[in-house]
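# Working through the structure, step by step
Here is how the chains run, residue by residue.
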Amino acid sequence: MNATGLVRKAGALPILLMGVSLATGATACPSPEALNTEAFNRAFTQEKFMAGMDHPLRSSGRLVAHDNEIVWHMLTPFDVKTTITPQGISQSIDGGASANVGTGASEISTSLARSLAAMMRGEWNSLKSIFAVTLPSEMGEGDWTVRLNPLDDRLKALLGSITVRGCQDVSTVDIKRPDGDHEHIQFDAAAS
Amino acid sequence: MTKTKLATAVLVLIFLLSAAYVATHIASDVDTNILSLLPGDRHNPVLSDAMQKASEDASNRVAFAIEGGTFDERHKAAERLSSALLESGLFRSSSDDGKTLWQWLFVHRTQMLCPADREKLRSEQGTVVARDAMVQWYAPMGGGSAALLKTDPLLLTNRLLGCLMPSNIHLLTHPDAEIISGIITAPVYRLDVQDRIATVVAKWTKDTAAQSLTLSRAGAIFHAAYGATHARSEMSVIGSITTFAVLLFYWMMFRSFRAPLIAVSMVVFSLTIGLAAALIIFGSIHAMALVFGAALIGMVVDYTTYYLVTGLADPDRTFAARRAQIVTPLTLGMVTSVGAFAALLFFPVPAFRQIAILGSVGLATAWAATLLLTPLVEGGAMRVGPGARWTKDVAGQFLARHPSKRLSVMVIVASIVVMLLGAWQGHTLDNVKKFQAPSTELVKEEARIRALTGFAPSSTFFLVRGETRDSATAHEEHLLQALHANGDESAVTWAASRFDPSLKQRQSDTILIRNALLIPQLKGMLASLGGGNPASYEPAEVSAKKADTMPPDFVNGLRGRSGNQYWSIVPVSHPIADMPDSPFVVYVEPAERYSELLGGYRRLATWGLVGAVALTGLMLLGYYRRLSALRILLPTMVALIVTPAITALAGLPYSFFSAMGLFLVAGAGVDYAIFQWENPGKAGSWTRVGIILAAAMTCISVGLLGLSSVLPVRSFGSTVALGVFLSLILSPFVRGWSEDAVSGEGQ
């Protein structure tokens, strides 16, 4: 099965934009394992580069997480708000009423949404059930980098490898797909 | 060479050939499917074939879940198990189905629509579909890729997959478990297939013993293996105890181990030829037929016993004289027993037909071997043992008596009372679900896999039929529409027409997709994206791979053809509130259908017994040419009436399998009566010893089947043991009754 095809309505999953990393060459960053954000509300911009496209596909929105609820809200170029709770997944378009989305093929979207929320929270141990997580062996000056490789073959074909960068918070997520396509997601700084 | 020597040589040659055939086929040709014990319904071949296919389709599926340990440990253990299963050559992973399904949907993406999308396009909402695709293209971690941009920019394949896949199926690996699922590619009810899969699982369990991993299994093959293990264990116990009983009884009768050796040799000789005949005729044999075959040991031994006992009466007589003494009753008894076994051929149950051949050929061979081979290997008459003398003096005396009129009346009254009580207290059982209790461990493991994967197999289904494949598919589409209108659509997990629609539906969807989606939406959407192939949905592009693409196996697994009738099954996962009314659709609950059939055949078997007894009566009249010969039937008839009543009072319901047991009672019971009839008075004293020994053997070997965990076997064993015992103690009634009881030997 082409794993790419398993993801439906993943476009409704906005990612919080975080400001450019606060880290500078002169400031030592805390370990990514020290990152522990239970709730957050971050703006994101994303660029998707694909062969055959005249220009990258650019979108932006907000990623909000608190308790067991994750809200992905893509604002441009489309307004699609997807809410994920343990009870299921629902979607609202252009501010309209929420409608439940089936749990079948959107299961992977839900899983990815939860995974991205876990990355933002620095929950690396929980991600180890889905990804091979490579944390920096020692902290140098500047940003840290965490690499994630899906353990599941279908996810591997869908996502390729993921690189998360940050300092005080996650600043960027880069996804490099096996077919050469890649995505760059940049987050605004967390509100203080 | 005399005729006798020639016949003996032929018999030995047949045995050698049979032994070679059995040795090379017994391992692979044993069927353990309990459904094989159930009657087939050839009155409705479409329904029969559909039920068979639904059963096969469900029974070939297997799933394993590995939990515990670390992810790496689980992942490596799963790879090891998966590789071992694939290397066995008996397993195909379901991930192959996923690839086939994707390819199938991809090449038919411009010809198929989900019901909801069909409604959207009919109401000119093509923009909604195009917008959904745009959202996916822009989404972080979305479903678009460069390859799909060239071939399917509207992401129609993703859309089809998303709406056609059942909502309860989990596509992603559970984070705390590794799931392996697939199909067993060989018949799961064959013992060798079960053994090979069990070996793979056992080796995996041993290799991973050091890790804290747990394995859950789901699939009919594991239940079949559980049942087969029980059957083998029961066969082993029954065979061992019977062998011990044979040795003990014979030694007590003849004070020699030569006699039991001869008897066991005759058993091996006769059953080997009977088994070979069943294997050659049917191609395989059911495990339960083998269990019933174990019961035949007692009956086969009877014939040898009758001959050997003639040596106790007068050791100085020649072989020919001894043989002459038993040839008439033995032949008559063999013919009536074979007739009773042969009656099983009229029942549409393969396992019972196998028993018919195994029993008939086995008994006929035992008869021939007793008359031809036993004198050759006996090596001189036996000595009278302590058991033989006691049996002759005590038990034999009882059988030799003329029952008094008073006793006769008492027996008749008691029989009527017991029969009425049995009819009042007892009940019948046709429910197949109560035949064998499943393994609690396997039930628990299946529940765990259901929780992890969301998949729950369904046994009920709609059967849809049509004159052509396309008309059957169209009828199925109408059924789904009716269920959708009634709000029952969620009950249907899989339907072949959803993945491979009718020609009319396909043509309609093709036009709708082109006019309401491709023409108005594609160009603008590609312009917005800034790339993509405008010709991606042109017929030439779409049909390029079509010729090489076959429907996924699971779609073919839902369809079939019986004669000129095409049909499909639509599995249903929960009860339907409003049943659609269509002459082409029928709702099928296999367990109920099998129970109905079994009830019908129980009644038929009971009437068949009446026919068998009547036929035996005609044979006796034909041979003896006097009306009083019908008294031979009296003990057996009383036993046939009283036995099910007593078993009912003991709490064992009357089933189809009880009726089958009564057929054997008829065969063996008439044997005892014939020997009693043929050997009255003092001259028959040693014959009666033979009858008692023979009946005891049958009661022990078959009676032990009454301890089986499988209801059909338990019913059969209890019925035969009790029926044979009653036939024996009632056998003096062949002499009629006198005013006062008198010793038969005193005549």
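Residues numbered from 1 in each chain as written. Chains lettered and ligands numbered in written order. Predicted model: local features only at pLDDT ≥ 70, side-chain atom pairs only at ≥ 80, totals over all residues.

## Notes on the overall build of chain B
Heads up, the condition is: By the criteria applied, helices consist of DSSP H or I runs no shorter than four residues and strands consist of E runs no shorter than two, each listed in order from the N terminus. Between the buried cut of 20 or more and the exposed cut of 12 or fewer other C-beta atoms within 10 Å of a residue's own C-beta lies the partly exposed class, and all C-beta atoms are placed from the backbone. Think of it this way: build a C-beta for each residue from its backbone, and any pair within 7 Å is a contact.
Broken down by element type, chain B carries 28 helices and ten strands. The burial tally for chain B puts 48% of its 747 residues in the buried class. Considering only intrachain contacts with a sequence separation of at least 6, the fraction spanning at least 24 residues in chain B is 85%.

## Focus: the overall build of chain A
When helices and strands are tallied, chain A shows three helices and eleven strands. The linear arrangement of helices and strands in chain A, starting from the amino end, is β-β-β-β-β-β-α-α-β-β-α-β-β-β. In chain A, the share of contacts with a sequence separation of at least 24, taken over all contacts with a separation of at least 6, comes to 54%.

## With respect to the environment of Phe 554 of chain B
All names here are of chain B. Take Phe 554: it is sitting in helix 23 (residues 553-557). A C-alpha to C-alpha distance of 9.0 Å links Phe 554 and Trp 494, two positions 60 residues apart in sequence. Those residues in contact with Phe 554, other than ones at most four positions away along the chain, are Asp 97 and Trp 494.

## Quick notes on unusual backbone geometry
Residue and element names in this part refer to chain A. The residue after Thr 76, namely Pro 77, is reached through a cis peptide bond having omega 0°. Counting through the fold element by element, Pro 77 comes out in the loop between strand 3 (69-76) and strand 4 (80-85). In the Ramachandran plot, Asp 94 falls in the positive-phi region, its phi being about 50° despite a non-glycine side chain. The residue Asp 94 is located in the loop between strand 5 (88-93) and strand 6 (99-101) in this model.

## Details of the packing of helix 27 (residues 685-703) of chain B against helix 28 (residues 711-729) of chain B
All names here are of chain B. Where we set the bar: Where helices are involved, their axes are fitted lines through C-alpha atoms of the stretch in contact, as for all axes, and angles between N-to-C directions lie from 0 to 180°. Roughly parallel refers to an angle under 35 degrees, roughly antiparallel to one over 145, roughly perpendicular to one between 65 and 115, and oblique to any angle outside these ranges. A clockwise turn of the near helix away from the far one marks a right-handed crossing, whereas an anticlockwise turn of less than a right angle marks a left-handed crossing. For this scheme, ten residues count as nonpolar: Ala, Val, Leu, Ile, Met, Phe, Trp, Tyr, Cys and Pro. Four count as charged, namely Asp, Glu, Lys and Arg, and the remainder, Gly too, count as polar.
One way to put it is that helix 27 packs onto helix 28 with a least axis distance of 8 Å and a crossing angle of 165°. In terms of orientation, helix 27 lies roughly antiparallel with respect to helix 28. The crossing of helix 27 and helix 28 is left-handed. Contacts between helix 27 and helix 28 involve Ile 691, Ile 692, Ala 695, Thr 698, Cys 699, Val 702 and Gly 703 from the former and Gly 717, Val 720, Ala 721, Val 724, Phe 725 and Leu 728 from the latter. A class-by-class count of the residues in the contact of helix 27 with helix 28 yields ten nonpolar, three polar and no charged.

## As for the packing of helix 1 (residues 3-25) of chain B against helix 14 (residues 350-372) of chain B
Residues and elements named next belong to chain B. Between helix 1 and helix 14, the least distance of the axes is 11 Å, while the angle of their chain directions is 135°. With respect to helix 14, the element helix 1 is oriented oblique. Our pair here, helix 1 against helix 14, has a crossing hand that is left-handed. Of helix 14, the residues touching helix 1 (which contributes Thr 4, Ala 7, Thr 8 and Leu 11) are Ala 368, Ala 369 and Leu 372. Of the residues belonging to the contact of helix 1 with helix 14, the class tally is five nonpolar, two polar and no charged.

## Notes on the nonpolar core
Selection criterion: Put simply, a nonpolar core is buried Ala, Val, Leu, Ile, Met, Phe, Trp, Tyr and Cys residues tied into one set by C-beta atoms within 7 Å.
Among the nonpolar cores identified, the biggest contains 155 residues, and Val 300 and Phe 663 of chain B are the most heavily contacted of them. For this core, the element with the most residues is helix 26 (residues 656-678) of chain B, which contributes 16 residues. If we ignore the near neighbours within four places in the chain, the residues touching Phe 663 of chain B are Ala 340, Ala 343, Leu 344, Leu 609 and Ala 612 of chain B. Residues Met 50, Ile 130 and Val 146 of chain A together with Leu 155 of chain B belong to the second largest nonpolar core, which totals 65 residues.

## Comments concerning the pairing of strand 2 (residues 61-68) of chain B
Residue and element names in this part refer to chain B. Applied cut-off: Any two strands are treated as partners once DSSP identifies two or more bridges connecting them.
Counting buried residues along strand 2, six of its eight residues qualify, which places the element largely inside the surrounding structure. Relative to strand 4 (residues 177-184), strand 2 is paired through seven bridges, and the arrangement is antiparallel. The residue of strand 4 that forms the bridge with Val 62 is Gly 182. Of the strand pairs in this sheet, strand 2 and strand 5 (residues 213-218) are connected by six bridges, and their pairing is antiparallel. Residue pairing for strand 5: Gly 68 is matched across the bridge by Leu 213.

## Observations concerning the sheet that holds strand 3 (residues 91-93) of chain B
Picture the strands of a sheet paired through backbone hydrogen bonds; they go either parallel or antiparallel. Residues and elements named next belong to chain B. Ordered by their spatial adjacency, four strands build an open sheet running 3-4-2-5, and the pairing between neighbours is antiparallel. Two strands lie at the open edges of the sheet, namely strand 3 and strand 5, each paired on one side alone. This sheet shows a mean twist of 30° between the axes of neighbouring strands, independent of strand direction. Across the face of the sheet, helix 3 (residues 71-87) comes into contact with strand 2, strand 3, strand 4 and strand 5 while running at roughly 10° to strand 4.

## A look at the environment of Arg 322 of chain B
Residue and element names in this part refer to chain B. Among the secondary structure elements, Arg 322 is positioned in helix 13 (residues 319-342). Since 22 C-beta atoms lie within 10 Å of it, Arg 322 is described here as buried. C-alpha separation for the pair Arg 322 and Thr 310, spaced twelve residues apart in sequence, amounts to 5.9 Å. Not counting chain neighbours up to four residues away, the residues in contact with Arg 322 comprise Tyr 307, Thr 310, Gly 311 and Arg 317.

## Quick look at the sheet that holds strand 10 (residues 585-588) of chain B
All names here are of chain B. Pairing in this open sheet of four strands is antiparallel, and the strands run 8-9-7-10 from one edge to the other. Each edge of the sheet is formed by a strand with only one pairing partner; in this case those strands are strand 8 (559-562) and strand 10. For this sheet the average axis-to-axis angle between neighbouring strands, irrespective of direction, equals 30°. With four bridges joining them, strand 8 and strand 9 (residues 565-572) adopt antiparallel strand pairing.

## Here's the deal with helix 3 of chain B
Using the following cut-off: In a helix, the anticipated span is given by 1.5 Å times the number of residues less one.
Spanning 17 residues, helix 3 of chain B covers 24 Å between terminal C-alpha atoms, matching the ideal 24 Å at 1.5 Å per step. Packing partners of the buried residues in helix 3 of chain B comprise strand 2, strand 3, strand 4, helix 9 (191-207) and strand 5 of chain B.

## Overview of the confidence of the model for chain B
Spelled out, the test is: Across the chain, each position has a pLDDT score giving the predictor's confidence in that residue, from 0 to 100.
Within chain B, residue pLDDT values average 82, and 89% of them lie at 70 or more. Two summary scores accompany this predicted model of the complex, namely pTM at 0.64 and ipTM at 0.76.

## Comments concerning the environment of Lys 5 of chain B
All names here are of chain B. Along the polypeptide, Lys 5 turns up in helix 1. For Lys 5, a count of 11 C-beta atoms within 10 Å corresponds to the exposed category. Along the backbone, Lys 5 and Leu 372 are 367 residues apart, and their C-alpha atoms lie at a distance of 8.3 Å.

## A closer look at the confidence of the model for chain A
Here chain A shows a mean pLDDT of 74. Residues at 70 or above account for 75%. Counting interchain partners and residues more than four positions distant, the pLDDT-below-50 stretch residues 1-26 of chain A has 125 contacts.

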